[in-house]
Amino acid sequence: MTSLLQQRVWVIRGGESGIGEHEQEFLSDGLITVGFGCDRIVTDFKDTRELRRYLEDEREHEGPQAARQLWDFAFELRVGDNVILPRTIRGHDRELRIGRVTGHYQFRTGQHHQHWRAVSWDDRVATRAGLDKGSLNAVNQRTTLNLIKDAEIAKRIRSHCLAV
């Protein structure tokens, strides 16, 4: 398996309102979830266009961005990838947590967020302090799930989170 320092880096948000209401659940239960009100398994859709049409028809408040993030969560996020959880919950709002995806996409009915993945969270707690501007901009993006495409920025963020 590739080392932690060589994996792709995704930023995941732990709340719908920007207040981190699911962050503690992510960390204590060893998982990450997304929702977007989609009550069907993503693997039932043939592509992102079909998923987007479903979200637009059935969930009028969701659209292309939600479809792309759900699709990425199910198909692009891979076992072994890093996830960064920028904490926003009061009292922890400067923290960054890093984890490694350990499970494939799962769908569980009857839950608020039905789309989930298992994650092994590192015990270290980094802070946003000391990140350069590009890295800080990457971890502060407001989307629920986002791949950090710039390899140098991803490397700096990984190194920062693992250096504590």
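Scroll up to find the structure this text is about.
Peer 1: I tried to follow the pairing of strand E1 (residues 9-12) on my own but got confused; where do I start?
Peer 2: Remember that side chains alternate between the two faces of the sheet whenever the strand is regular. Neither face of E1 is left uncovered, since the one carrying Val9 and Val11 and the one carrying Trp10 and Ile12 both have all their residues buried. Bridging between E1 and strand E3 (residues 82-86) involves three bridges; their strand directions are parallel. Counted as the bridge partner of Val11 is Ile84 from E3. In terms of strand pairing, E1 meets strand E8 (residues 145-147) through three bridges, oriented antiparallel. Counted as the bridge partner of Val11 is Asn146 from E8.

Peer 1: What's the story with unusual backbone geometry in this structure? I'm lost.
Peer 2: In most cases, non-glycine residues show a negative phi, while peptide bonds are predominantly trans. Located in the positive-phi region is Phe36, a residue other than glycine, with phi close to 60°. Relative to the helices and strands, Phe36 is located in the loop between strand E2 (31-34) and helix H2 (48-58).

Peer 1: So what exactly am I meant to see when it comes to the pattern of salt bridges here?
Peer 2: Two side chains of opposite charge can pair, provided their charged atoms sit close to one another. Scanning the entire structure with this criterion turns up eight salt bridges. When the shortest N-O distance is used, the salt bridge between Arg49 and Asp47 registers 3.8 Å. Residues Arg52 and Glu56 are paired through a salt bridge, measuring 3.8 Å at the closest nitrogen-oxygen approach. Within this pair, Arg52 and its partner Glu56 are both found in helix H2, separated by four residues, close to a single helical turn. For Arg52, a relative accessible area of 27% puts it in the partly exposed group. The exposure class of Glu56 is partly exposed, given its relative accessible area of 35%. The structure contains a network of salt bridges with shared partners spanning Glu23, Arg87 and Glu95.

Peer 1: Would you explain the nonpolar core in this entry?
Peer 2: In globular proteins that are soluble, nonpolar side chains generally tend to be buried together. The biggest cluster of nonpolar side chains holds 28 residues, and the ones touching the most others in it are Ile12, Ile32, Leu51, Leu55, Leu70, Val83 and Trp121. It is helix H3 (residues 64-76) that contributes the most residues to this core, six residues altogether. Excluding residues within four positions of it along the chain, Ile12 makes contact with Phe26, Ile32, Thr33, Val34, Val83, Ile84, Leu85, Pro86, Thr144 and Leu145. By size, the runner-up hydrophobic cluster in this structure holds 15 residues, among which are Val11, Ile153, Ile157 and Cys161.

Peer 1: Help me understand the packing of H2 against H3, please; the structure alone is not making it clear to me.
Peer 2: Between two packed helices, the angle of one axis relative to the other and the distance separating the axes together describe the packing. Direction vectors running N to C along H2 and H3 enclose 130°, while the axes themselves pass 8 Å from each other. As judged from the angle between their axes, H2 and H3 are oblique. For the pair H2 and H3, the crossing hand works out as right-handed. Together, Thr48, Leu51, Arg52, Leu55 and Glu56 of H2 and Pro64, Ala66, Ala67, Leu70 and Trp71 of H3 make up the contact between the two elements. Within the contact of H2 with H3, the residues separate by chemical class into seven nonpolar, one polar and two charged.

Definitions and limits used
Residues numbered from 1 in each chain as written. Predicted model: local features only at pLDDT ≥ 70, side-chain atom pairs only at ≥ 80, totals over all residues. Heavy atoms only, no water. Buried < 20%, exposed > 50% of the residue type's maximum accessible area, 1.4 Å probe, protein only. Helix = DSSP H or I, 4+ residues; strand = E, 2+ residues; numbered from the N terminus. Pairing = 2+ DSSP bridges. Salt bridge = Lys/Arg side-chain N within 4 Å of Asp/Glu carboxyl O. Core = buried A, V, L, I, M, F, W, Y, C linked by side-chain atoms within 4.5 Å. Contact = heavy atoms within 4.5 Å. Axes fitted to C-alpha atoms, helices over the stretch in contact; angles between N-to-C directions. Parallel < 35°, antiparallel > 145°, perpendicular 65-115°, else oblique. Left-handed = near helix turned anticlockwise from the far one by under 90°. Nonpolar A, V, L, I, M, F, W, Y, C, P; charged D, E, K, R; others polar.

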